[in-house]
Amino acid sequence: MRLTVRGKNFEVSEALRQYAEKRLKKLERFLGEEVEVQVTMSVSRDRHVVEVTVPLDGYLLRGEEATGDMYGSIDLVLEKLEKQMEKYKTRLAKKVKGNTLKEGALRSQQEEEAEEPRVVRTKRFPIKPMSVEEAILQMNLLGHNFFVFANAETEQVNVLYRRKDGNYGLIEPEL
């Protein structure tokens, strides 16, 4: 596992870098040695944010945690990633390690698929062309965390969502 640690708006100390490397080495049992793990650390006011991104053949594992202490944030993001990997370990093992399907792995994959979340409701609604500002207003009126709408400027379907920091994100399709 190759680990890249970088700081955003601050210099990462050697002790902090070594701690992150030591703690995140635990992920190697899931990932193997050929995987690139990117760690971004940032500080804003009293929030110490650690973001870990792991690109894996079609999957993107990502964890982000913010606490008052950078070491605590590293520990929490590690727990979050371990839970994600535990949940998807059969698929990850198949993708990352290229294992052949053995009888036991096949059985565990079938059990996991039986427990996976499924679509239980489909909702259809007319899409009205509107500006991004109108979509924000509509989303807030509905009390939702996301809103699908036809962008009047681009004439494409967009998704507006509320970010953890209270701002908004916009997803636009790229053809």
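A brief report on the enclosed structure follows. Given the structure is predicted, the values throughout are model-derived calculations rather than measurements. (Residues numbered from 1 in each chain as written. Predicted model: local features only at pLDDT ≥ 70, side-chain atom pairs only at ≥ 80, totals over all residues. Heavy atoms only, no water.)

## Remarks on helix H1 (residues 14–24)
Line of reasoning, step 1. Taken together, the buried positions of H1 are occupied by Leu16, Ala20 and Leu24. One side of H1 carries all its buried residues, which in axial view fall inside an arc of 55 degrees.
Line of reasoning, step 2. For H1, the secondary structure elements touched by its buried residues are strand S1 (2–8), helix H2 (28–31), strand S2 (36–44), strand S3 (47–56) and helix H3 (70–87). (Buried < 20%, exposed > 50% of the residue type's maximum accessible area, 1.4 Å probe, protein only. Helix = DSSP H or I, 4+ residues; strand = E, 2+ residues; numbered from the N terminus. Arc of directions from axis to C-beta. Contact = heavy atoms within 4.5 Å.)

## Description of the pattern of salt bridges
Line of reasoning, step 1. Taken as a whole, this structure holds eight salt bridges when the rule is applied.
Line of reasoning, step 2. Lys80 serves as the salt-bridge partner of Glu65, at 2.9 Å between the closest nitrogen and oxygen. Of this pair, Glu65 sits in strand S4 (residues 59–67) while Lys80 sits in helix H3, placing them 15 residues apart in sequence.
Line of reasoning, step 3. A relative accessible area of 26% places Lys80 in the partly exposed class.
Line of reasoning, step 4. Put simply, Asp165 and Arg163 hold a salt bridge, and the shortest N to O gap is 3.5 Å.
Line of reasoning, step 5. With a relative accessible area of 40%, Arg163 lands in the partly exposed category.
Line of reasoning, step 6. One connected set of salt bridges, linked through shared partners, spans Glu51, Arg62 and Glu64. (Salt bridge = Lys/Arg side-chain N within 4 Å of Asp/Glu carboxyl O.)

Structural measurements only, silent on function.
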